[in-house]
Amino acid sequence: MSAQPDHAPVTPYAPAPGAPAELLAQLRADRRSTRWVPAFEQEWAAALEESRRTFSLGALYEVIQVWQARLASAPTVDAFLDSGRDDSAFMDLQEIRRKRR
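Enquirer: I keep staring at the side chain of Asp-78 and nothing clicks. Help me out?
Expert: Note that Asp-78 resides in helix α3 (residues 58–83). Sequence-distant contacts of Asp-78, that is, excluding residues within four places in its chain, are made with Arg-31 and Arg-32.

Enquirer: What should I look at first to understand the packing of helix α2 (residues 33–54) against α3 in this one?
Expert: When two helices pack together, their arrangement is given by the angle between their axes and by how far apart the axes lie. For the pair α2 and α3, the least separation of the axes is 8 Å and the interaxial angle reads 160°. In terms of orientation, α2 and α3 fall into the roughly antiparallel class. Relative to α3, the crossing made by α2 is right-handed. Residues Trp-36, Ala-39, Phe-40, Glu-43, Trp-44, Ala-47, Leu-48, Glu-50 and Ser-51 of α2 pack against Ala-59, Leu-60, Val-63, Ile-64, Trp-67, Arg-70, Leu-71 and Ala-74 of α3. Classifying every residue of the contact of α2 with α3 by side-chain character gives 13 nonpolar, 1 polar and 3 charged.

Enquirer: Is there a simple way to think about the packing of aromatic side chains in this case?
Expert: Two aromatic rings, taken as a pair, are described by how far apart their centres are and by the angle between their planes. Scanning all chains against the criterion turns up 3 aromatic pairs. Taken together, a centroid distance of 5.7 Å and an interplanar angle of 75° make the contact between Trp-36 and Trp-67 edge-to-face. With Trp-36 in helix α2 and Trp-67 in helix α3, the pair connects residues that are 31 residues apart, well separated along the chain. Given a relative accessible area of 2%, Trp-67 falls into the buried group. Ring centres 5.9 Å apart and planes at 20° place the aromatic pair Phe-40 and Trp-44 in the stacked group. Here Phe-40 pairs with Trp-44, and both are found in helix α2, just 4 residues apart, close to one helical turn. Trp-44 matches Phe-40 in its accessibility class, with the two residues each being buried. An aromatic cluster of three or more residues is present, and its members are Trp-36, Phe-40, Trp-44 and Trp-67.

Conventions we followed
Residues numbered from 1 in each chain as written. Predicted model: local features only at pLDDT ≥ 70, side-chain atom pairs only at ≥ 80, totals over all residues. Heavy atoms only, no water. Helix = DSSP H or I, 4+ residues; strand = E, 2+ residues; numbered from the N terminus. Contact = heavy atoms within 4.5 Å. Axes fitted to C-alpha atoms, helices over the stretch in contact; angles between N-to-C directions. Parallel < 35°, antiparallel > 145°, perpendicular 65-115°, else oblique. Left-handed = near helix turned anticlockwise from the far one by under 90°. Nonpolar A, V, L, I, M, F, W, Y, C, P; charged D, E, K, R; others polar. Phe/Tyr/Trp six-rings, centres within 6.5 Å; stacked < 30°, edge-to-face > 60°. Buried < 20%, exposed > 50% of the residue type's maximum accessible area, 1.4 Å probe, protein only.

Have a look at this one:
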């Protein structure tokens, strides 16, 4: 019997060292910058505080991942909204929760 694990550990996502600065520059250049930059900065500050408290970079990495995904999906969301497609048949998650109560 071997003392080695039978599976490879999952390597966590680790962004490039300059990723936060690049991301912030992209957010500032976006047309939604008036809403997105303050939101990113608030989430980043909270993640920094958590990182100091827990000695883990996980929260910082998560903020970067989430905002990179938002930025990457923004053109698709814009195209959907600009297409005039009717999404009124979809239910809001809040509405579903209210109906269950």
